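Spelled out from the first residue to the last, the chains are:
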Amino acid sequence: MAAFIEQIVPYYWLVCSGVIVCNLYIRAPWSTTFSLLVWVVLGVCMDMLMPVIMALDITLARQLWYWCWIIIYCTIVLVIIIAHQQRGESPTLLCRTVCHSAFAMMVLQMLRYLDRMIIKTDILHSVYQFGVPAINFAVAVAALYWLGRTVNITKGNK
């Protein structure tokens, strides 16, 4: 399963980036485009940081792994909330989906850190193994659904 996920990660970011480009073309609401952009940029940054983290001592790498993801997801939520407050914008449904997904990922990373590093068990292995990709793919599916629906409505084919 992990090998499969590693193989499709670049395509995942490509799909999300494609939706952002389409959003610019169809003049999607700022909230939608901005939230997806924050999700993609910070996610790609973390993916680029992964080899550096994994090259460290295994204990340090595990500590940094969880904390970096926790910080990334917390940052996603905070940046989106603060930007919306500063602009006086209401979040769109896709924006809320991104924020809820980032929050869920942050909680999942915290629980996994607690499980693996503090308590030193591996109880949440399956939840983590399948939960992280499921939440990521949920964002991509929601973005594609939103894009398809928006294009369909724009054409007048309600």
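Treat the numbers as computed from the prediction; the structure is a model and nothing was measured. (Residues numbered from 1 in each chain as written. Predicted model: local features only at pLDDT ≥ 70, side-chain atom pairs only at ≥ 80, totals over all residues. Heavy atoms only, no water.)

With respect to the overall build of the protein
We count it as follows: Counting from the N terminus, the helices are the DSSP runs of H or I reaching at least four residues and the strands are the DSSP runs of E reaching at least two. For the radius of gyration, the atom set is restricted to C-alpha positions; the globular benchmark scales as 2.2 Å times the number of residues to the power 0.38. Exposure classes here rest on a 1.4 Å probe applied to the protein chains alone. A residue is buried below 20% of its type maximum, exposed above 50%, and partly exposed in between. Should any heavy atoms of two residues lie within 4.5 Å, those residues are considered in contact.
Scanning the protein for helices and strands turns up five helices and zero strands. Along the chain direction, N to C, the helices and strands of the protein fall in the order α-α-α-α-α. By the compact-globule yardstick of 15 Å for 158 residues, the protein fits well, its C-alpha radius of gyration being 17 Å. Taken along the three principal axes of its C-alpha coordinates, the protein extends 55 × 35 × 25 Å. Buried residues in the protein amount to 40% of all 158 residues. The contacts of the protein with a sequence gap of at least 6 include a subset with a gap of at least 24, amounting to 68%.

Structural notes on the side chain of H84
As a reminder, the rule being used: Any N or O atom pair separated by 3.5 Å or less is treated as a polar contact, with the protein-specific requirement of one donor-capable and one acceptor-capable atom, and with residues adjacent in sequence counted only for side-chain atom pairs.
Relative to the elements of secondary structure, H84 occurs in helix α3 (residues 58-87). Overall, the relative accessible area of 6% leaves H84 in the buried class. Polar side-chain contacts of H84 include one of 2.6 Å to the side chain of S31. One polar contact links the side chain of H84 to the main-chain carbonyl oxygen of I80, over a distance of 2.8 Å. Apart from the residues lying within four places of it in its own chain, the contact partners of H84 are W30, S31, F34, E89, S90, P91 and C95.

A few points about helix α2 (residues 30-54)
We count it as follows: The span expected for a helix works out to 1.5 Å for each residue beyond the first. Fitting axes to the seven residues that end at a residue and to the seven that start at it, the angle between those axes gives the bend at that residue.
Compared with an ideal rise of 1.5 Å per residue, which puts 25 residues at 36 Å, α2 spans 36 Å between its outermost C-alpha atoms and is within 8% of the ideal. The sharpest bend along α2 measures roughly 30° and falls at M48, with the proline P51 sitting one to four residues further on.

Re the confidence of the model for the protein
Applied cut-off: The pLDDT value tells you how sure the predictor is about a given residue, anywhere from 0 up to 100.
Looking at the protein as a whole, the pLDDT averages 88, with 93% of positions reaching at least 70. Helix α1 (residues 2-25) is the least confidently modelled element of the protein, averaging 75 in pLDDT, while helix α4 (residues 93-118) averages 95, the highest of any element.

A look at the environment of T75
Here T75 lies in helix α3. For the pair T75 and S126, spaced 51 residues apart in sequence, the C-alpha to C-alpha distance is 26 Å.

So, the packing of α4 against helix α5 (residues 125-155)
Here is the rule: Geometry is summarised by axes, namely lines fitted to C-alpha atoms with helices restricted to the contacting stretch, and by angles between N-to-C directions that run from 0 to 180 degrees. In this scheme, roughly parallel covers angles under 35 degrees and roughly antiparallel covers those over 145, while 65 to 115 is roughly perpendicular and the rest are oblique. Only Asp, Glu, Lys and Arg are considered charged, only Ala, Val, Leu, Ile, Met, Phe, Trp, Tyr, Cys and Pro nonpolar, and every remaining residue, Gly among them, polar.
In contact at an axis separation of 10 Å, α4 and α5 are set at 170° when each is read in the N-to-C sense. Between α4 and α5, the angle is such that the two are roughly antiparallel. Here L94, T97, V98, S101, A104, M105, L108, Q109, R112 and D115 of α4 lie close against α5, whose contacting residues are H125, V127, Y128, G131, V132, I135, N136, V139, A142, A143 and W146. Across the contact of α4 with α5, the residue classes break down as 13 nonpolar, six polar and two charged.

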